[in-house]
Structures are given as structure tokens and as C-alpha cells.
Number of protein chains: 2
Amino acid sequence: MSLLVVGSVAYDTVETPFGKCDKMLGGSASHFSISASFFTNVSIVGVVGGDFTEQEVFDSRGIGTNDLERIADGKTFRWGGRYEYDLNVAHTLFTDLNVFADFQPKLSNESKRSRLLFLGNIQPDLQRGVREQMPDAELVALDTMNLWIEHTRDSLVRTIKGVDVVIINDAEARQLTGIPNLIKAARELLSWGPKALIIKRGEYGAALFTHDSYFAIPAYPLESVFDPTGAGDTFAGGFMGYLAKTGDIGDASLRRAVIYGSAMGSFAVEKFSIERLLEVTPAQLSARVADFRKLVAFEEEL
Amino acid sequence: MSLLVVGSVAYDTVETPFGKCDKMLGGSASHFSISASFFTNVSIVGVVGGDFTEQEVFDSRGIGTNDLERIADGKTFRWGGRYEYDLNVAHTLFTDLNVFADFQPKLSNESKRSRLLFLGNIQPDLQRGVREQMPDAELVALDTMNLWIEHTRDSLVRTIKGVDVVIINDAEARQLTGIPNLIKAARELLSWGPKALIIKRGEYGAALFTHDSYFAIPAYPLESVFDPTGAGDTFAGGFMGYLAKTGDIGDASLRRAVIYGSAMGSFAVEKFSIERLLEVTPAQLSARVADFRKLVAFEEEL
């Protein structure tokens, strides 16, 4: 099944205790699409400036960019961040929205026929506008962030009511619902309409809530996490890519998709930006999925 | 196999947004032994004052208290704490060590013959003193806290070198080793001597590290957590109790023990103090262990 993502394409500057990289390909749509491209055909709806020179990366992965708008006299979105030695502590150094400030997603007719849609972390009115252009999509998932929960909560809730899967982190789930207990928060959020909620927990893994089941998986145990930027979008790309590839959106498939998303996310953080992701082989991916099975395996008693 | 625990027996005063309880049975040895008593014979080494009136609770669970010293003219250790609406945020209101201030563990010859030993969270010199009185114990596990890591680190490291299993939370593992990455921290800690390390992660579950394997399990999804006090000791009691019952300390058994510990811990937080734990039936415990299997289950691809 075909997959469409709407989100940011950016140049990132990232500092970690292990090094610094400047002007690397970033943004939610980039991380998502590169991850999803391991599984399926994926296309981007986004905007870049005249300074964008990373088209080759998308082409090399067969990622559709017909709806990646180019504004020749504008500059690409730039983001800078710094991580502390404890990589859970992140600081934004700068955010230059540039052409992304006036982003209006424009979908070609071909894009509108995509069977699956991922609404990356952008203003919820824009997300809803895209979703309404694709009333027949079989599965629509959404990501968001604290900025939109604080300033545009009503619009965000309306948008969530129109999607199938919400993919956020635990702090966002609590903030969005105002409920500290995550299980109750998940139940509340599902009562708004989505059939599934995925909670990303960083180094603790991920959890999948549906109306009648709960699934949780720890994170892959990595001895060195190099750059966590984009791990969430990479997870979402693996998750949606797997569903698109199999064409199965039943509960068992959703669980497997969480594993594939977790595996892709675990690769992403091993190097800067998309470096490690571009090197992943099918054999490496299969091995990591098999490792996930082992790390939660416990035998029945004799 | 027989099991011995050395630790505190206390009266707790706990405030949560859901209520307040005063002078309830608490302390690491209490939570541990009541949990372990579901699986095996367990005895306490500890101290109480002349005001202690909870002997009946221990008797009703068949918990050995020959080495629970009574100081008639002293007062039992008292602790008071308050949890915020987000139960991860805890505040200590008071700590009256009372008879616990001068606690010197005294082991009867019968206690010294116990096959398994749990060193609850007390001063590491005292832990090591107990451990050295039981050179032939088959499995010795230890808990600790930030206080001892800060003020008596050298003694604590010496004590850890003499035990088989360390059971701590993730912040303690990072603080103890000075390594932010938990996987690296675990490897460092295991290099000191223990054959296994269990990291308690509260609402995120628990992880088991050995020299050649890694196992992780999410927490049981609870919609209402009432009182988290003692959950870690209850976990340890289930873990050690299961090992004592089965007499098997191999890797597969350790994994199952983590599940039983997690199940007991999940019951403990459903009511104040030990209330819920005393009500648990074998059928409820079996059902919860089966639930753990379901919540991490994902089918192979077709």
C-alpha cells in the first residue's frame, strides 16, 4: 500500500558530547520517509528552500518528492540542538523556520490516493486540512508536540478525532489529557476516536494501546546512543512502513509494526542524523527484530 | 530453600492524593517478607520498639521473627512521606530512626543456615557484616539507595563485590557507576562481581542484566496506583521468594522470578501499605503472570 507523509524537511545542527554535525538532513518527513522506504513506496509533502541540496538522498531511496515544494528564493528550515552527556537532556539552540513558517501542504491527485497517511508534527490545522483531503485513506496516524498541546489544544483534539493512530511520548499523553496515570490517559485519548495509541518512551521502549488490548516492548539495549534526533519519526516510519508493506492493520500486525518501528529507531540513534539508517541491511533488520523477541522471552514453568 | 531478609521494620505515615494512612506496617523487611511468604519460608533480621503491635501480621504469614529484636524501652522506626498527584514525585516528611539508629543485625544459627539472603536497604557495612556470616549462602541479593551511594560509596562497592544479585533503580545504577548510559552502567556494575543486576524502573517495568544476556519486562498496566511505598521491596520479595521456592537460580528461572516480582509489586501499589498484598490469592497471581505473557506477546510473521 502507498504511504504519504506530511512534515518538515530541515537542516539540523546537532551537538552531543561525542561530536558535532552541521547542516545535516533532518526534519520529521525526512526521518520518517527514509525509515519507511525500507518497507514500501513513500512520498513526502513538504517545503524546502533554494539552498536544499539533499534531493539525491530521497532519490536514492525511491522516495517520492513531487509534493516537496521548492521555494527558490527562500531558505530551508533550520534547527539546532545540543544534548547533554545524559542524552535525555536536550536543549534547542535555534529554530529558523524560514520557508516552513508559511508552509501550506499541497497534495497532488496521486498523493491523495495514498492508502496510508502520516501527519508529522506540524500545526494541527494543517494536519487536519491534509487529512480532510484524503477521506478514503485506510489508516491515518498523527504525531504532535508540547507546543501544539499548549497553544492549539482545541484544534489538536479535533484533529485527533479524525485519525486512526496517535503516536506521541508519555509526557505529551499526560499533558494532552491532563491525566498523570498513563493507562487512564490512554483510555481517555482513545475515547476521542482513534483506534490505537502508541506511546514512545525513549530508552524505556514503546507501548501500544487499543480499545481492548495493551502491548509494550522495551527499547533495544544500546551501549552507545550517539544522536537521538529523529528517533521518534524513524520509529513512526518503520511502524507505518511495515503496515503499508503487509497491508494488514489488525492487532497482531500493529504489534509487529511496533517492533519494526523500534528496530529502525534503535539503528537511527547509533550515528548522526540519517547516517546509520542509510547503511541498514535487511539482514541487520531481521537480526534486530529477532533480538527483540529474545529480550522479552520467558519460558513457561516446567 | 529457606530465605532470610535483613532490613527495616517500620511504621509508615503516607499521604497520597487519594487518602492518608497513619502508622501502617512498613519498612523493607516487612514488604519483602510478606511478598516472599507467598512462595517460601522467610525470616526477618531486624529491630522494633516496645510500641510494635504488628507481630500478628508476620505470624499469620508464617514469617520467622526469632531474629526480630525487640527493644522494650525504644520506639519503632517511623517514616512519613507524601506523594503528589503524579505518584512518581515523592517527598519525605519525616524520618525518625528510633531503635533503627543503632541497629546491629544479630543472626541466630538457624538464620545463618538460610540458603538465600536478601540484604535490604541498610548501611553497607551492616550488609557486608551479615553477608560474611553466611559464606555458604547459595544466592545473596542486595538493595541500596542514594544516601549510601553518596556517603559510603567505597563500603557499598566492597559489599556489592560479595553478592550475586544487585536490585536497584536506574537512577541509582547511574549514580553508583557515574555512567549515564544504562547498558554501559550495567556492564560496569557486573564487572565488580555480581552475576546479575536487576534495574527497577517503576512504571516502566524491570530489566535483568547478566554477563551474557538481557531481559526486560514492562510494568503491569494499572489504571490506579494508590500507594507506591514498598513496591521495590515487594518486587524483591517476589523475585527471591520464587527462586527459593523453585531452588533454581539459572537464567530461565531468573527471568521468571522477575515476572513474579513484577506481579507482586503490581498488587502492592493497588492499596495502602500491605493491605492489597495480604488479599492476593494464588489464582490472582497466576492470572497476573499470564497477563504479563500476553502484554509482550507478538506473533511471528506468516
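Per-chain numbering applies: the sequence of each chain, read as written, is numbered from 1 onward. Working convention: letters from A go to chains and numbers from 1 go to ligands, in the order in which they are written. The predicted nature of this model means local features are confined to residues of pLDDT at least 70 and side-chain atom pairs, given and counted, to a pLDDT of 80 or more, with totals for whole chains, interfaces and linings taken over all residues. The side-chain quantities take in all heavy atoms of the structure and omit both hydrogens and water.

A. Region of the structure containing the interface of chain A and chain B. Whether two residues touch is decided by their heavy atoms; if any such pair falls within 4.5 Å, the residues are in contact. The partner chain B presents 41 residues to the 40 residues of chain A that form the contact. Summing both partners gives a buried area of about 3,900 Å² for chain A against chain B, and 53% of it is carried by carbon and sulfur. Looking only at chain A, the three residues that lose the most surface to chain B are Tyr204, Glu223 and Phe298 of chain A, adding up to 21% of its buried area. Note on definitions: salt bridges are taken to be side-chain nitrogens of Lys or Arg within 4 Å of carboxyl oxygens of Asp or Glu. Remark: the boundary between chain A and chain B carries four salt bridges. Note on definitions: buried area is the accessible-area loss of two parts on being combined, 1.4 Å probe, summed for both.

B. How the structure looks around the relation of the copies chain A and chain B. Once chain A has been moved 0.0 Å along the axis and rotated by 180 degrees, it coincides with chain B to within an RMSD of 0.0 Å. Classification of the inter-copy transformation places it as that of a two-fold axis. A share of 100% of interface residues in chain A that are also interface residues in chain B marks the association as one of identical surfaces. The copies were overlaid by least squares, fitting only the C-alpha atoms of residues that reach a pLDDT of 70 or more in each copy.

C. Region of the structure containing helix H7 (residues 170-177) of chain A. Residue and element names in this part refer to chain A. Relative accessible area decides the class of each residue, using a 1.4 Å probe on protein chains only: under 20% of the type maximum gives buried, over 50% gives exposed, and in between gives partly exposed. Here a helix means four or more residues in a row that DSSP labels H or I, a strand means two or more in a row labelled E, and each is numbered from the N terminus. Buried residues dominate H7, accounting for six of its eight residues. Within H7, the full set of buried residues consists of Asp170, Glu172, Ala173, Arg174, Leu176 and Thr177. Those residues of H7 hidden inside the fold are in contact with helix H5 (146-151), helix H6 (153-161), strand E10 (165-169), helix H8 (182-191) and strand E11 (196-200). The distance from a side-chain oxygen at the start of H7 to the backbone nitrogen of Ala171 is 3.1 Å, and the residue carrying that oxygen is Asn169. Contacts described as polar in this section are N or O atom pairs within 3.5 Å, which, within protein, must combine one atom able to donate a hydrogen with one able to accept it, while residues neighboring in sequence count only if both atoms come from side chains.

D. Looking closely at the pattern of salt bridges. Residues and elements named next belong to chain A. All told, the structure shown has 28 salt bridges over all chains when counted by the stated rule. A salt bridge links Glu138 to Arg115; the nearest nitrogen and oxygen atoms lie 3.1 Å apart. Residue Glu138 is located in the loop between helix H4 (124-132) and strand E9 (139-142), and its partner Arg115 is located in the loop between helix H3 (109-112) and strand E8 (116-119); the two are separated by 23 residues in the primary sequence. For Glu138, a relative accessible area of 37% corresponds to the partly exposed category. Its salt-bridge partner being Glu270, residue Arg288 comes within 3.2 Å of it at the nearest N-O pair. Taken together, the positions of Arg288 in helix H12 (residues 282-295) and Glu270 in the loop between helix H10 (251-268) and helix H11 (275-279) put the pair 18 residues apart, joining distant regions of the chain. Salt bridges here are not isolated pairs; linked through shared partners, they connect Glu270, Lys271, Arg276, Glu279 and Arg288.

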